[in-house]
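Read off the chains here:
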Amino acid sequence: MATKCGVMPDDSVEQIMSWVPPPSLVPFKCVSNSCYYYHLLRGPPFLLTLFDTEDGLICLVNGFGSVMLCNPALQEFRVVPPSEYADDFNKHMVGGIGFGYDSRCDDYKIVQISSHRAVADLYSLMEIWLLNEHFDDDNVNGSPWIKHLSIGPLVGIDRPLQFWKSDELLMLDADGRSVSFNLATQKLRSLPTHPADGIIYWGCYVKSLISVNGRNRV
Amino acid sequence: MSSSSTTTTTTRLLMLKASDGVTFEVEEAVATKLGAINNMVEEEGSEDLICLPNVNGKFLGMVLEWCKKHANNNTNSDKGNDEVNKWWDKEFVMDLDQNTLYHLLMAADYLSGTELVDLLTEKVASMIRGKKVEEIRETFKIKSDFLPGQEEEIRKKNSWAFE
């Protein structure tokens, strides 16, 4: 019965932990280093199966356009770097922002649409897991966020809403109508919906253990 | 003639042999609640004796007891069945000691008894929820493997969770 987690069978620990709410899992970090990291923080595929989609990460934008991703259950946050299309003066000027889970890539993504150019930056959270050794504790802007690609030109698009259907990005145009952008084909298509004025967020929130600070952070 | 689709009326008996040689005669409809047995029955067809070298008689017996109860409860198409199953499950796990829980979980996992694994892992989780670090270590006999100062650092960074 010698396992990494004492008398809990190693093969079942992940499932056991899936029944434990995040606040009770945090003290578990102090129980045993190897048990916690071996079982709970091996990487995103595990965390995603354990906590399903949407996963309790929320994306916030402050009045100055700084974009931040946080996990309230873990009380962690991380600032997303400004768009390279923003000039020095308006570092964080964001025209629109979207955040969601991309099931095709098993990854979380943030899209920023530049306020003065018709382009969008797509950021991926997945690299957090890969780059966790290089984190600089004091510099939240020196970021693990990796820009994956720029989409555009997106003429007449107001803001992104969410990833859906694995590789489609749902966005609102200037008239409040939904349009869908396919990442693979790079094509925009209008969706047959009524104008959805005032939608600023799309999705639901659940508590989770997805660390926005990377898996080796405690 | 009844055309009932449940297999209980025509079910055959399977012989399950545990690692210590203990055998159990079980209705097919009961044993096939376990995914592993179900696969063997479907793949091997006519074989009535199934050897299970990774589970000993004591725990195989308990797993089968659970299967039997659930198979019986499910044959009555009564709306109260879910409640009955829940109540019975609660009783089933209530007084399990640590050692039994461990081996039962291993057995249920090996036999692919998905619902039983759910029940048992939830039970273990209930022993973790809301517990202090020291209590969890003691309950599960886990030794701390932190370097000096590491644990204090984690506590400091996550102080909100320890209040």
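Here is what the cut-offs are and how they apply
- Residues numbered from 1 in each chain as written.
- Chains lettered and ligands numbered in written order.
- Predicted model: local features only at pLDDT ≥ 70, side-chain atom pairs only at ≥ 80, totals over all residues.
- Heavy atoms only, no water.
- UniProt positions renumbered as here; feature names shortened; annotations may be inferred.
- Contact = heavy atoms within 4.5 Å.
- Buried area = accessible area lost by both parts, 1.4 Å probe.
- Salt bridge = Lys/Arg side-chain N within 4 Å of Asp/Glu carboxyl O.
- Helix = DSSP H or I, 4+ residues; strand = E, 2+ residues; numbered from the N terminus.
- Axes fitted to C-alpha atoms, helices over the stretch in contact; angles between N-to-C directions.
- Parallel < 35°, antiparallel > 145°, perpendicular 65-115°, else oblique.
- Nonpolar A, V, L, I, M, F, W, Y, C, P; charged D, E, K, R; others polar.
- Buried < 20%, exposed > 50% of the residue type's maximum accessible area, 1.4 Å probe, protein only.
- pLDDT = per-residue confidence, 0-100.
- Core = buried A, V, L, I, M, F, W, Y, C linked by side-chain atoms within 4.5 Å.
- Expected span 1.5 Å × (residues − 1).
- Pairing = 2+ DSSP bridges.

Per an unreviewed UniProt entry, chain B carries the name SKP1-like protein and comes from Trema orientale. Turning to chain B, the UniProt annotation filed under Pathway (unreviewed entry) states: "Protein modification; protein ubiquitination." According to its UniProt record, chain B has this under Function (unreviewed entry): "Involved in ubiquitination and subsequent proteasomal degradation of target proteins. Together with CUL1, RBX1 and a F-box protein, it forms a SCF E3 ubiquitin ligase complex. The functional specificity of this complex depends on the type of F-box protein. In the SCF complex, it serves as an adapter that links the F-box protein to CUL1."

Chain A has the name F-box domain-containing protein in an unreviewed UniProt entry, where Trema orientale is given as its organism.

Explain the interface of chain B and chain A here, please?
How big an interface is tends to be expressed through the accessible area that disappears when the partners come together. Listed per partner, the contact involves 37 residues of chain B and 32 residues of chain A. Buried surface at the junction of chain B and chain A, both sides included, amounts to about 2,900 Å², of which 70% is carbon and sulfur. Viewed at the interface, chain A and chain B are joined by zero salt bridges. Counting residues per element, the ones that place at least two in the side of chain B that touches chain A are helix H5 (98-110), helix H6 (114-126), helix H7 (133-140) and helix H8 (150-157) of chain B.

What is the right way to look at the packing of helix H1 (residues 10-17) of chain A against H6 of chain B in this model?
The interhelical angle for the contact between H1 of chain A and H6 of chain B, taken along N-to-C directions, is 75°, at an axis separation of 8 Å. Considering the angle they form, H1 of chain A stands roughly perpendicular to H6 of chain B. Counting all contacts with H1 of chain A, which are made through Ser12, Gln15 and Ile16 of chain A, the residues of H6 of chain B involved are Val117, Asp118, Thr121, Val124 and Ala125 of chain B. For the contact of H1 of chain A with H6 of chain B, the class distribution of residues is four nonpolar, three polar and one charged.

Hey, could you run me through the pattern of salt bridges in this one?
Side chains that differ in sign of charge can pair as their charged atoms come close. Residue and element names in this part refer to chain B. A complete count under the given rule lists seven salt bridges over all chains for this structure. Residues glutamate 122 and arginine 129 are paired through a salt bridge, measuring 2.9 Å at the closest nitrogen-oxygen approach. Classification of glutamate 122 as partly exposed rests on a relative accessible area of 27%. Classification of arginine 129 by relative accessible area gives partly exposed; the value is 30%.

Got a minute to help me understand the confidence of the model for chain B in this structure?
A low pLDDT means the predicted coordinates there should not be read in detail. Residues and elements named next belong to chain B. Of all residues in chain B, 86% attain a pLDDT of 70 or more, and the chain-wide mean is 84. Within chain B, the lowest mean pLDDT, 81, falls on H8, and the highest, 95, falls on strand E2 (residues 23-27). Confidence drops under pLDDT 50 across residues 1-8; counting only partners more than four residues distant or on other chains, this segment forms three contacts. As a predicted assembly, this complex carries a pTM of 0.54 together with an ipTM value of 0.76.

Help me understand the nonpolar core, please; the structure alone is not making it clear to me.
Generally speaking, a soluble globular protein has its nonpolar side chains buried in company with each other. With 56 residues, the main nonpolar core has Met8 and Phe28 of chain A together with Leu16, Ile37, Leu120, Ile128 and Phe140 of chain B as its most contacted residues. Aside from chain neighbours lying at most four places away, what touches leucine 120 of chain B is Val93, Leu96, Leu101, Leu104, Leu105 and Ala108 of chain B. Counting residues in hydrophobic clusters, the runner-up holds six residues, among them Val111, Met171, Phe181 and Leu183 of chain A.

Sorry, what's going on with H6 of chain B here?
Along an α-helix, a turn takes 3.6 residues, which lines up residues three or four apart on a common side. Taking 1.5 Å as the rise per residue, H6 of chain B with 13 residues should run 18 Å; its terminal C-alpha atoms sit 18 Å apart, in good agreement. The set of residues buried in H6 of chain B consists of Leu116, Val117, Leu119, Leu120, Thr121, Lys123, Val124 and Ala125 of chain B.

Before we go on, may I ask you to explain the confidence of the model for chain A in this structure?
Across chain A, the average pLDDT comes to 59, with 28% of residues at or above 70. A low-confidence stretch, residues 126-145 of chain A (pLDDT under 50), is modelled with 46 contacts involving residues beyond four sequence positions or located in other chains.

Would you explain the pairing of strand E10 (residues 178-182) of chain A in this entry?
A regular strand places its side chains so that they alternate between the two faces of the sheet. Residue and element names in this part refer to chain A. E10 sits mainly inside the fold: five of its five residues count as buried. Burial along E10 is two-sided: the face carrying Ser178, Ser180 and Asn182 and the face carrying Val179 and Phe181 are both buried. With five bridges joining them, strand E9 (residues 168-173) and E10 adopt antiparallel strand pairing. Residue pairing in the sheet places methionine 171 in a bridge with valine 179 of E10. Relative to strand E11 (residues 187-190), E10 runs antiparallel, the two sharing four bridges.

Explanation requested: unusual backbone geometry in the structure shown.
All names here are of chain B. Phi angles above zero are rare outside glycine, and serine 112 is one such case at about 55°. The residue serine 112 is located in the loop between H5 and H6 in this model. A residue is classified by how much of its surface remains accessible, and serine 112, at 34% relative accessible area, is partly exposed.

Explain the sheet that holds E2 of chain B to me, please; I cannot follow it from the model alone.
For sheets, the rule is that strands pair by backbone hydrogen bonds, running either parallel or antiparallel. All names here are of chain B. Taking strand neighbours across the sheet as the criterion, the three strands line up as E2-E1-E3 in an open arrangement whose pairing is mixed. The open sheet terminates on both sides in strands that have one partner only, identified here as E2 and strand E3 (49-52). Taking each pair of neighbouring strands and ignoring which way they run, the sheet shows an average axis angle of 25°. Across four bridges, the pairing between strand E1 (residues 13-18) and E3 is parallel.

Can you help me understand the side chain of histidine 70 of chain B in this one?
Residue and element names in this part refer to chain B. Here histidine 70 shows up in helix H3 (residues 57-75). Using a relative accessible area of 3% as the deciding quantity, one classes histidine 70 as buried. Excluding anything up to four places from it in sequence, histidine 70 contacts Lys33, Asn85, Trp88, Asp89 and Glu115.

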